[in-house]
Amino acid sequence: MTNFLVVTAMGLDRPGLVGKLARLASDCDCDIVDSRMALFGNEFTLIMMLSGSWVSITKIESMLPSLGVELELMTVMKRTSKHTPQNYLSRLEVCFTGKDQRGTIKRITQFLADRSLDLAAVRSYSEELPDGEQTQNVSLTINIPEKVELEKLEQSIYQLAQDMTLNCIIRRMEGTAILEDRG
């Protein structure tokens, strides 16, 4: 039986960190199923999902803390199960841009939660323009179930953007419906 482990590592960014963590996974006979890495200021952050036998996962659970100390990384681990994708009619990629303002992500995510919509991904960042103005960029991937009227949802999102004085671009993506084999 395959076991799964989610690993998060954070610390001061230095060359070679991803390689050392990937080497540990390989040395423990674990596969990296999924991973994300980002820099926040000077801080390195890595999240990865590993799979392997019970023995392999137990081995990495026992070895990661000492590697974390050696690399001066804070590490967190949690066993999990394989992700079971839901059936979604479609996905929307929504990008909001505009003047940086406090509460933007709170308001957008509350809007989605009020409609019971599933966020597949979120990325946000702010940047300073040459004139000194701070702008913000929020990109979301939203899973859309069958019961939702796509056109009405898109209009609501555009209205939210207008209410927040943000620009908004919506792109429709393919759904994640699981197809049956009718062989």
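Look up a bit, the structure's there.
Note that the structure is a prediction, hence the values are computed from the model and not measured. (Residues numbered from 1 in each chain as written. Predicted model: local features only at pLDDT ≥ 70, side-chain atom pairs only at ≥ 80, totals over all residues. Heavy atoms only, no water.)

1. Section: the environment of Arg102
With respect to the helices and strands, Arg102 occurs in the loop between strand S5 (90-99) and helix H3 (104-114). Looking at Arg102, the relative accessible area reads 87%, which means it is exposed. (Helix = DSSP H or I, 4+ residues; strand = E, 2+ residues; numbered from the N terminus. Buried < 20%, exposed > 50% of the residue type's maximum accessible area, 1.4 Å probe, protein only.)

2. Here's the deal with the sheet that holds strand S8 (residues 167-174)
For sheets, the rule is that strands pair by backbone hydrogen bonds, running either parallel or antiparallel. If you walk across this open sheet you meet the four strands as S6-S7-S5-S8, and the pairing is antiparallel. One side of each edge strand has no neighbouring strand; the edge strands of this open sheet are strand S6 (118-128) and S8. Mean inter-strand twist for the sheet, computed between neighbouring axes without regard to direction, equals 10°. Pairing of S5 with strand S7 (residues 134-144), which is carried by 10 bridges, proceeds in the antiparallel orientation. Paired with Thr97 across the bridge in S7 is Asn137. Contacts between H3 and the sheet are confined to S5, S6 and S7, with S7 contributing the most and set at about 15° to the helix. (Pairing = 2+ DSSP bridges. Axes fitted to C-alpha atoms, helices over the stretch in contact; angles between N-to-C directions. Contact = heavy atoms within 4.5 Å.)

3. A look at the packing of aromatic side chains
For the structure on display, the rule yields zero aromatic pairs. Directly above the ring of Phe111 sits Arg115, whose terminal nitrogen or CZ lies 3.7 Å from the centroid. (Phe/Tyr/Trp six-rings, centres within 6.5 Å; stacked < 30°, edge-to-face > 60°. Lys NZ or Arg CZ within 6 Å of the ring centre and 35° of its normal.)

4. Digging into the pairing of S5
Relative to S8, S5 is paired through eight bridges, and the arrangement is antiparallel. Residue pairing for S8: Thr97 is matched across the bridge by Asn167.

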